[in-house]
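# Analysis of the macromolecular model
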Amino acid sequence: MTEKSANGFAGLFVLLIVTGILGYLFFMRHEDSISLSAPHAVQAETTTFAESGHFWQLDPMWRDMPMNGTDYTLGDSGCLVCCIGAVIELQKLPVQVRTDPASMNVFLGAHSVYDTEANIRWAPLEESLSVEAVCLDAGEFSPDEPARILAEGCYPIVRVIRPETGTGHFVLITDYRDGIYYCMDPALKDGKDIPLSHYGNRIYAIRYLMEKS
């Protein structure tokens, strides 16, 4: 074997290894998620979020607020807080708390809803807001689940991967029409509903609230 052909073989071998690693990482990233494609969904008539308002987590009024004494702020970790406030508004849940992110943050902190990393603890949230929270992770729901939740008059909060950063993020599905899911993203300023396809139509978890029966 000549030196040139040996180098070519080595290069091909390295390329195959790199391709295999990238394929494995892609699989591992998506194995705990559900792909929402239009044929699986059912039609649901809902109110678009623009008719109710918008909660932008990077608003200067609250983006630097710490989340219950942790190192996290609403600006970097408040997407779920914004979505919860939006759900309360949209579903008109009888909750005795203002739903803007600043007020929600103070309330949730005072009722020990955050853990030490500013994650939501759902049992304390249910107790403090007098609501029922349903938490579903990948493998516990079908691709039809968001449309079913919408059809029941609730708004599903879903965990996605932001394509800009590759990090986990919560958005609120607000509508399903013409085979397309639309959502409110707390990280976007304009408040317009955007297609879930922006996140690859792939979700990793569902959270939604209901009135306590």
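Position numbers for residues start from 1 in each chain and track the written sequence from start to end. The predicted origin of the model limits local features to residues at a pLDDT of at least 70 and limits the giving and counting of side-chain atom pairs to 80 or more, whereas totals for whole chains, interfaces and linings rest on all residues. The basis for the side-chain values is all heavy atoms of the structure; hydrogens and waters are excluded.

In this section: the overall build of the protein chain. Each helix corresponds to a stretch of at least 4 residues labelled H or I by DSSP, and each strand to a stretch of at least 2 residues labelled E; elements are numbered beginning at the N terminus. Counting its regular elements, the protein chain contains 6 helices and 8 strands. Put simply, the protein chain runs from its N terminus to its C terminus through helices and strands in the order α-β-α-α-α-α-β-α-β-β-β-β-β-β. Exposure classes here rest on a 1.4 Å probe applied to the protein chains alone. A residue is buried below 20% of its type maximum, exposed above 50%, and partly exposed in between. Out of the 213 residues in the protein chain, the part that is buried amounts to 46%. The contact definition used throughout considers only heavy atoms, calling two residues in contact when any of these lie within 4.5 Å. Within the protein chain, contacts between residues at least 6 apart in sequence are counted, and of these 64% link residues at least 24 apart. In short, Shrake-Rupley with a 1.4 Å probe defines the accessible areas, and a residue's cover is counted only from the protein chains shown. Accessible area of the protein chain: about 11300 Å², with a carbon and sulfur share of 55%.

Turning next to the side chain of Asp59. Positionally, Asp59 belongs in the loop between β1 (34-35) and α2 (74-77). For the buried Asp59, no salt bridge is present, and the opposite-charge side chain at shortest range is Arg63, 7.5 Å distant. In terms of polar contacts, Asp59 uses its side chain to reach the backbone amide nitrogen of Met61, at 2.8 Å. Positive charge is attributed to Lys and Arg, negative charge to Asp and Glu, and no charge count is given to His or to the chain ends. By definition, a salt bridge exists where a carboxyl oxygen of Asp or Glu is found within 4 Å of a side-chain nitrogen of Lys or Arg. Contacts described as polar in this section are N or O atom pairs within 3.5 Å, which, within protein, must combine one atom able to donate a hydrogen with one able to accept it, while residues neighboring in sequence count only if both atoms come from side chains.

Before going further, it helps to spend a moment on the sheet that holds strand β5 (residues 180-184). In this scheme, strands are said to pair when DSSP sees at least two bridges between them. A sheet is described by the order of its strands in space; here 6 strands give the open sequence β2-β8-β3-β4-β5-β6, paired in antiparallel fashion. Among the strands making up the open sheet, the edge pair consists of β2 (131-137) and β6 (194-195). Across 2 bridges, the pairing between β5 and β6 is antiparallel. Note that in β6 the partner of Tyr182 across the bridge is Pro195. As a rule, the C-alpha atoms of each element are fitted with a line to give its axis, helices using only the stretch in contact, and angles between N-to-C directions run from 0 to 180 degrees. Set on the sheet, helix α5 (residues 122-129) makes contact with β2 and β8 (205-211); between it and β2 the angle comes to about 160°.

Okay, the pairing of strand β4 (residues 168-177) next. The buried fraction of β4 amounts to 8 of the 10 residues, a majority that puts the element mostly inside the structure. In this sheet, β4 lies alongside strand β3 (residues 157-161) in antiparallel orientation, the contact comprising 5 bridges. Note that in β4 the partner of Val158 across the bridge is Val171. As consecutive antiparallel partners, β3 and β4 are separated by 6 residues, and within that stretch Gly166 has a phi angle of approximately 75°, a positive value.

Glancing now at the nonpolar core. Buried Ala, Val, Leu, Ile, Met, Phe, Trp, Tyr and Cys residues that are joined via side-chain atoms within 4.5 Å together make up what is termed a nonpolar core. Ranked by size, the top nonpolar core spans 56 residues in total, and within it Ile84, Leu108, Ile120, Leu125, Leu172, Leu196 and Leu209 carry the most contacts. Ranked by the residues each element gives to this core, the list is headed by helix α3 (residues 79-91), at 10 residues.

Here the focus is the side chain of Thr99. Tracing the backbone through its elements, the reader meets Thr99 in the loop between α3 and α4 (101-110). For Thr99, the side chain forms a polar contact with the side chain of Glu89, separated by 2.6 Å. Excluding residues within four positions of it along the chain, Thr99 makes contact with Phe55, Gly85, Ile88, Glu89 and Met104.

Going through the model one piece at a time under the given rule, you end up with 6 salt bridges. Arg98 is the salt-bridge partner of Asp100, the closest N and O atoms lying 3.6 Å from each other. A single salt-bridge network, built from bridges that share partners, covers Glu145, Arg148 and Glu152.

All of the buried residues in α5 are Trp122, Pro124, Leu125, Ser128 and Leu129. Buried residues in α5, looked at end-on, bunch into an arc of 160°, giving them a common side. The exposed set on the far side of α5, more than 90 degrees from its buried face, consists of Ala123 and Glu127. Residues of α5 that are buried make contact with α3, α4, β2 and β8. A positive backbone phi angle near 55° is found at Ser130, which sits one or two residues after α5. The arc in question is traced by the directions running from the helix axis to the C-beta atoms.

So, about the environment of Leu196. Locating Leu196 in the fold gives a position in the loop between β6 and β7 (202-203). You can call Leu196 buried: its relative accessible area is 0%. Each C-alpha atom, one on Leu196 and one on Met184, is 9.3 Å from the other, the two residues being 12 residues apart in sequence.

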